[in-house]
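# Coordinate analysis (summary)
Listed below are the residues making up each chain.
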Amino acid sequence: MNKPLIDWYDINKKNMPWRNSKDPYRIWISEVMLQQTQVNTVIPYYNNWIKIFPTVKSVALAQIDDILKLWEGLGYYRRAHNIKKSCDIMINRLNGAIPNDETFKGLPGVGDYIYAAVMSIAFNQKIPVIDGNVKRVGSRLWETNFSAPQSLKVLNEKLLHHISLDRPGCFNQAIMDLGREVCKPQNPICEKCPISKFCKAFKNNTILNYPVKKKLKKTPLFDVVVGYIQNQQQKFIITKRPKEKMLGGLWELPGGKRESGESLKNSLIREIKEELSIDIKVDKKIGVIQHSYSHMKIRLHGYNCRIKSGKIKLNASDKLEWINFSDINKYSFPTASHKLFKEMEKN
Ligand code: SF4
């Protein structure tokens, strides 16, 4: 099976910037970015990253704020923190390079997928990559349900049996590309598939049964309310989220989730008191936007506010700054904050 698959890949592979290199650092960065993110979104971020941080050392020397600014909008910011931590470790303890053995797995954020991708593509090691595309192709090829974590061992063994001995990295990329371009979740293009003659679901006409569908959980929706707290010089407060939290290290307007039964304004007054120890007067609404994360949706409401009384004390964030609206691009904010800022510009 690997010969027709790799022949297909050689003819059809997309020209992606990381594919011109065997440099393990570049392959690692691309694979980290590609986790949870579409190829077309990743390409400009990857090109920009490599221009500014071409080596492990350049990341180790950089400030996390500059790294987060570059990552802004790509989401899953923990990935950026983990790249920084891993580069620091490589420079301080591992001769400044990506190790070509299991030591690599000990670095922050390096799980089975990243490990297999970098080892196979950069170092030609025969380690199968398993991602969502590979699971789908595999489940159809072998008419097997690979959704349970314990079944992945079986998938790994099957792939190991077929992986190309001389081009394991290309085999892995080929099967991922096949999943993305041909063996799509809906309407796979079996007539263009180079491995259809090995595919049990194709042969038995059971494609619609694979992959076995999981029951989808309903995504919860939360109301989040934030304050645009201005002083007399028209500067407003932004706070920095703690590193270990979701969106850690990014800046935001202070506020938080509305609790059940609470009005938006009361919720904001309570949140600001809890976060900054001050009492505020809530004025006009500045806008509302919707944003989706992988596990939840939020409706983000913003209000103009002024400080009524109290002395600011930081109870829930790492830092606070008073900034001008024209300075927002100097800081990294989550996409939801940018959407709210856009609303404010409109009004
Ligand atoms: Fe997927 Fe169809 Fe190819 Fe089977 S024959 S692997 S279902 S594209």
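Residues numbered from 1 in each chain as written. Predicted model: local features only at pLDDT ≥ 70, side-chain atom pairs only at ≥ 80, totals over all residues.

## Focus: the site of the ligand
We apply this condition: For each residue, a C-beta position is placed from the backbone atoms; the residue is near a molecule or strand when that point lies within 6 Å of it. The helix and strand labels rest on DSSP assignments: H or I over at least four residues marks a helix, E over at least two residues marks a strand, and numbering proceeds from the N terminus. Polarity classes work like this: nonpolar for Ala, Val, Leu, Ile, Met, Phe, Trp, Tyr, Cys and Pro, charged for Asp, Glu, Lys and Arg, and polar for all others, with Gly in that last group.
As a matter of local geometry, the ligand sits amid 14 residues, with Cys183, Cys190, Cys193, Ser196 and Cys199 nearest to it. In terms of residue count, the dominant contributor to the shell around the ligand is helix α8 (residues 132-141) (3 residues). Of the residues in the shell around the ligand, the class split is 12 nonpolar, 1 polar and 1 charged.

## A look at the sheet that holds strand β3 (residues 251-252)
Let me state the cut-off plainly: Strands were regarded as paired on the criterion that DSSP finds at least two bridges between them.
Taken together, 3 strands build an open sheet; the order of strands is β3-β2-β7 and the sheet is antiparallel. The sheet is open, and its two edges are formed by β3 and β7 (319-323), each paired on a single side. Here strand β2 (residues 236-240) pairs with β7 via 5 bridges, running antiparallel. Bridging from a neighbouring strand, Ile237 pairs with Trp322 of β7.

## Observations regarding the nonpolar core
Rules: Note on terminology: a nonpolar core is any set of buried Ala, Val, Leu, Ile, Met, Phe, Trp, Tyr and Cys residues joined through C-beta atoms within 7 Å. Counting other C-beta atoms within 10 Å of each residue's C-beta, where C-beta atoms are placed from the backbone, gives the exposure class: buried for 20 or more, exposed for 12 or fewer, partly exposed between. Contact between two residues is assigned when their C-beta atoms, built from the backbone, lie within 7 Å.
Of all hydrophobic cores here, the largest spans 82 residues; its most connected members are Leu5, Trp28, Val118, Ala174 and Ile175. Ranked by residues supplied to this core, first place goes to helix α7 (residues 112-123) with 8 residues. Residues contacting Ala174, with those up to four places away along its chain left out, are Leu5, Ile6, Trp8 and Tyr9.

## Notes on the domain arrangement of the protein
Note the cut-off: The split into domains, and so the bounds of each, comes from an automatic or database assignment of domains.
Domain parsing of the protein yields domain 1 (7-125), domain 2 (126-216) and domain 3 (221-346). Elements with a minimum of two residues in the side of domain 1 that touches domain 2: α1 (2-12) and α7. Among the elements that make up the side of domain 1 that touches domain 2, the one with the highest residue count is α7 (6 residues). Of the residues contributing to the side of domain 1 that touches domain 2, the split by class is 7 nonpolar, 3 polar and 2 charged.

## Focus: the packing of helix α2 (residues 24-34) against helix α3 (residues 39-52)
To be explicit about the condition: Here the axes come from fitting lines to C-alpha atoms, over the contacting stretch only for helices, and the angles between their N-to-C directions go from 0 to 180 degrees. Should an angle fall under 35 degrees it is taken as roughly parallel, and over 145 as roughly antiparallel, whereas 65 to 115 is taken as roughly perpendicular and any remaining angle as oblique. The sense of a crossing depends on the near helix, which, turned anticlockwise from the far helix by less than a right angle, makes the crossing left-handed and, turned clockwise, makes it right-handed.
Contact geometry for α2 and α3: axes closest at 10 Å, N-to-C directions at 140°. In terms of orientation, α2 lies oblique with respect to α3. Handedness of the α2/α3 crossing: right-handed. For the pair formed by α2 and α3, the contact residues are Arg26, Ile29, Ser30, Met33 and Leu34 on the first element and Val39, Val42, Tyr45, Tyr46, Trp49 and Ile50 on the second. Residues belonging to the contact of α2 with α3 are distributed by class as follows: 9 nonpolar, 1 polar and 1 charged.

## Considering helix α12 (residues 264-276)
Formally: By this rule, a helix spans an expected 1.5 Å times one less than how many residues it contains.
Counted at 1.5 Å a residue, the expected span for α12 with its 13 residues is 18 Å, and the 18 Å between its end C-alpha atoms agrees. Every buried residue of α12 is listed here: Ser267, Leu268, Ile269, Glu271, Ile272, Glu275 and Leu276. Tucked inside the fold, the buried residues of α12 contact β1 (221-229), β4 (255-257), β5 (279-292) and β6 (297-309).

## What to know about unusual backbone geometry
Here the bond from Tyr210 into Pro211 is cis, since omega is -5°, no more than 30 degrees from zero. Mapping Pro211 onto the fold places it in the loop between α11 (200-203) and β1. Despite not being glycine, Ser277 shows a phi value in the positive range, around 60°. Counting through the fold element by element, Ser277 comes out in the loop between α12 and β5. Taking the C-beta count within 10 Å as the criterion, Ser277 has 13 such neighbours and is therefore assigned partly exposed.

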